[in-house]
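Examining the three-dimensional arrangement
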Amino acid sequence: MNKADLVDILAIEVGTTKKDAELLVNALIGTVIKSVARGEKVTLVGFGTFDTIQRKARTGRNPKTNELLAIPAKRVARFKVGKEFAAAAHKTAK
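Residues numbered from 1 in each chain as written. Predicted model: local features only at pLDDT ≥ 70, side-chain atom pairs only at ≥ 80, totals over all residues. Heavy atoms only, no water.

Here we look at the sheet that holds strand S1 (residues 42-44)
Picture the strands of a sheet paired through backbone hydrogen bonds; they go either parallel or antiparallel. The condition is simple: Pairing between strands is defined by DSSP: at least two bridges between the two strands are required. Here a strand is any run of E in DSSP of at least two residues, a helix any run of H or I of at least four, and the numbering for each starts at the N terminus. Fitted lines through C-alpha atoms serve as axes, helices being fitted only where they are in contact, and the angles separating the N-to-C directions of these axes extend from 0 to 180 degrees. A contact between two residues is defined here by any heavy atoms of the two lying within 4.5 Å.
Here three strands make up an open sheet; going across it, the order is S1-S2-S5 and the pairing antiparallel. Of all strands in the sheet, those with a lone pairing partner are S1 and strand S5 (74-81), marking the two edges. Within this sheet the neighbouring strands show an average axis-to-axis angle of 30 degrees, counted without direction. Judged from the eight bridges that link them, strand S2 (residues 48-55) and S5 form a sheet pairing that is antiparallel. Looking at S5, one finds that Gln54 is bridged to Arg75. Most of the contacts of helix H2 (residues 18-37) go to S2, to which it runs at about 35 degrees, and overall it touches S1, S2 and S5.

Some points on the packing of helix H1 (residues 3-14) against H2
This is how the line gets drawn: When an angle is under 35 degrees it counts as roughly parallel; over 145 it counts as roughly antiparallel; between 65 and 115 it counts as roughly perpendicular; any other value is oblique. When the near helix sits turned anticlockwise from the far one by under a right angle, the crossing is termed left-handed; a clockwise turn instead gives a right-handed crossing. All amino acids are sorted into three groups, where Ala, Val, Leu, Ile, Met, Phe, Trp, Tyr, Cys and Pro are nonpolar, Asp, Glu, Lys and Arg are charged, and the leftover types, Gly among them, are polar.
Packing of H1 against H2 brings their axes to within 8 Å, and their N-to-C directions diverge by 120 degrees. Taken as axis vectors, H1 and H2 run oblique relative to one another. At the point where H1 passes H2, the crossing takes the right-handed sense. Counted together, Lys3, Leu6, Val7, Asp8, Leu10 and Ala11 of H1 and Lys18, Ala21, Glu22, Val25, Asn26 and Ile29 of H2 form the full contact between these two elements. In terms of residue class, the contact of H1 with H2 is built from seven nonpolar, one polar and four charged.

Section: a nonpolar patch on the surface
What counts, and what does not: Like charges within 9 Å and nonpolar side chains (Val, Leu, Ile, Met, Phe, Trp, Tyr) within 5 Å are joined into patches, using only residues over 30% in relative accessible area that form no salt bridge. The Shrake-Rupley method, run with a 1.4 Å probe sphere, supplies the accessible areas, and residue values consider only the shown protein chains as cover. Throughout this description, the term salt bridge denotes a Lys or Arg side-chain nitrogen within 4 Å of a carboxyl oxygen of Asp or Glu. Three labels apply to residues, based on accessible area from a 1.4 Å probe with only protein chains included: buried if under 20% of the type maximum, exposed if over 50%, partly exposed otherwise in between.
Where nonpolar side chains cluster on the molecular surface, the patch consists of Leu44, Phe47, Phe79, Val81 and Phe85 and spans about 400 Å² of accessible area. Relative to the helices and strands, Phe79 resides in strand S5. For Phe79, a relative accessible area of 32% puts it in the partly exposed group.

Considerations on the pattern of salt bridges
Two side chains bearing opposite charge may form a pair once their charged atoms approach each other closely. Per the counting criterion, the structure on display carries three salt bridges. Here Arg38 and Glu40 are joined by a salt bridge, their closest N and O atoms 3.1 Å apart. On the basis of relative accessible area, Arg38 is assigned to the exposed category, the value being 55%. With a relative accessible area of 38%, Glu40 lands in the partly exposed category.

A look at unusual backbone geometry
A positive phi is found at Asn66, a non-glycine position, where the angle reads about 65 degrees. Its place among the elements puts Asn66 in the loop between strand S3 (58-61) and strand S4 (68-71). With a relative accessible area of 48%, Asn66 lands in the partly exposed category.

So, the packing of aromatic side chains
Note the threshold: A pair of aromatic rings is counted whenever rings of Phe, Tyr or Trp (Trp by its six-membered ring) have centres within 6.5 Å, and the orientation is called stacked for planes under 30 degrees apart, edge-to-face for over 60 and tilted otherwise.
A full pass over the atoms with the stated rule returns four aromatic pairs. Geometrically, the ring pair formed by Phe47 and Phe79 is tilted, given 5.5 Å between the ring centres and 55 degrees between the ring planes. Of this pair, Phe47 sits in the loop between S1 and S2 while Phe79 is found in strand S5, placing the two residues 32 residues apart along the sequence. When the ring of Phe47 is compared with that of Phe85, the centres are 5.1 Å apart and the planes differ by 10 degrees; the resulting orientation is stacked. Of this pair, Phe47 sits in the loop between S1 and S2 while Phe85 sits in helix H3 (residues 83-93), and the two are 38 residues apart along the sequence. Given a relative accessible area of 34%, Phe85 falls into the partly exposed group. Among the aromatic residues, those joined into a cluster by ring pairs are Phe47, Phe50, Phe79 and Phe85.

The structure is reproduced here in structure tokens:
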């Protein structure tokens, strides 16, 4: 499923136009991105949590040349799956 498919399904589920559904999807995604970029945690109970973590600097290796590389510390986005989402995914995987 891609964003367009999600918009189509949301429009049907909510009983609204595709244009309005697309505005809602874009607003949700934009709000989550802006909040996480500010360092805030966004929790959607049952779905999951979006936040950031700080990765430490480390030494890596170029697999082609075997040369050691310094990888700097950085902040990265993270998504932790909620219990209901994980349970639903587990059921369909069997």
